[in-house]
Amino acid sequence: MTIEQDLHSRSESKCELCGMDTHLDVVEVPPVALVRVENCILACATCRNQIDASDTMEIDHWRCLNDSMWNPNPAVQVMAWRLLKQLEGEGWAQSALDMMYLDEETQVWAASGIEEETESDSKDSNGATLNAGDSVTLIKDLEVKGAGFTAKRGTMVKNISLTDNPKHIEGRVNGTRIVLLTAFLKRA
Ligand SMILES: [Zn+2]
């Protein structure tokens, strides 16, 4: 059997993160030295697009992680843990991380690849410090994968929240809460 066939049988042909059964494909969970079924997951296009494009995430889509974090396969646990870490500014994601149990080996795998941040302050594209409650404007068009719209350059995002990752803030665009990379923002 191929890895893809193995994954289809492991997941009963459903996205291992959100449960959708369409547009499924194999995603490697890095670091991958040798591609094996144990370090891959099956994910739908909506999930894959947001995993690849880390400049935006549609926060509500990822509530699916509340279920998929309990998946018995370490590759799915690692992917869920990393995504939850990116959403840590959300109370529900923080609670999920608190509840999540990873065995030691899986924890090491999950944490590898998360860069150690030397700076703890969030800074906009000009190096100005960002604080919770600030307003920012986007300095480029950002496609919000999964939500099906583009946040246009010049859009103001009011009342931002900070996350544990200084390169990410959260805010509401078009009524949808999303994670934004500070590199694409300027303080308003
Ligand atoms: Zn999915």
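This is a predicted model, so every value here is computed, not measured. (Residues numbered from 1 in each chain as written. Predicted model: local features only at pLDDT ≥ 70, side-chain atom pairs only at ≥ 80, totals over all residues.)

Asker: Sorry, what's going on with the domain arrangement of the chain here?
Answerer: Where the parts come together, the accessible area they lose is often given as the size of the interface. When cut into domains, the chain gives domain 1 (3-111) and domain 2 (136-187). Computed from C-alpha atoms alone, the centre-to-centre distance between domain 1 and domain 2 is 23 Å. Each side of the interface is counted separately: domain 1 has 15 residues, and domain 2 has 20 residues. Among the elements of the structure, helix 2 (45-52) and strand 3 (56-58) are those that each provide at least two residues to the side of domain 1 that touches domain 2. Of the residues in the side of domain 1 that touches domain 2, the class split is four nonpolar, seven polar and four charged. (Domains from an automatic or database assignment. Contact = placed C-beta atoms within 7 Å. Helix = DSSP H or I, 4+ residues; strand = E, 2+ residues; numbered from the N terminus. Nonpolar A, V, L, I, M, F, W, Y, C, P; charged D, E, K, R; others polar.)

Asker: Please clarify how the sheet that holds strand 3 should be interpreted in this entry.
Answerer: Neighbouring strands of a sheet are bound in pairs by backbone hydrogen bonds; such pairs are parallel or else antiparallel. Pairing within the open sheet is antiparallel, and its four strands lie in the order 3-10-9-8. If you trace the sheet from one side to the other, it starts and ends with strand 3 and strand 8 (161-162), each paired once. Direction of pairing for strand 8 relative to strand 9 (residues 168-173): antiparallel, over a ladder of two bridges. Looking at strand 9, one finds that L162 is bridged to I169. (Pairing = 2+ DSSP bridges.)

Asker: Can you help me understand the nonpolar core in this one?
Answerer: Side chains of nonpolar character tend, in soluble globular proteins, to be buried together. In this structure, I41, A43, L65, M79, A80, L84 and L87 are the most contacted members of the largest nonpolar core, which totals 45 residues. Elements with a minimum of two residues in this core: strand 2 (40-43), helix 4 (74-86), helix 5 (91-99), helix 6 (104-111), strand 4 (136-138), strand 5 (142-144), strand 9 and strand 10 (176-181). A total of eight residues in this core trace back to one element, the largest contributor, which is helix 4. Ignoring any residue separated from it by four or fewer positions in sequence, one finds I41 in contact with E16, V27, V29, A75, V76 and M79. (Core = buried A, V, L, I, M, F, W, Y, C linked by C-beta atoms within 7 Å. Buried ≥ 20, exposed ≤ 12 C-beta atoms within 10 Å, placed from the backbone.)

Asker: What is the right way to look at the sheet that holds strand 11 (residues 185-187) in this model?
Answerer: With antiparallel pairing, the three strands of this open sheet are ordered in space as 7-4-11. Looking at the sheet topology across the chains shown, the edges are occupied by strand 7 (156-157) and strand 11.

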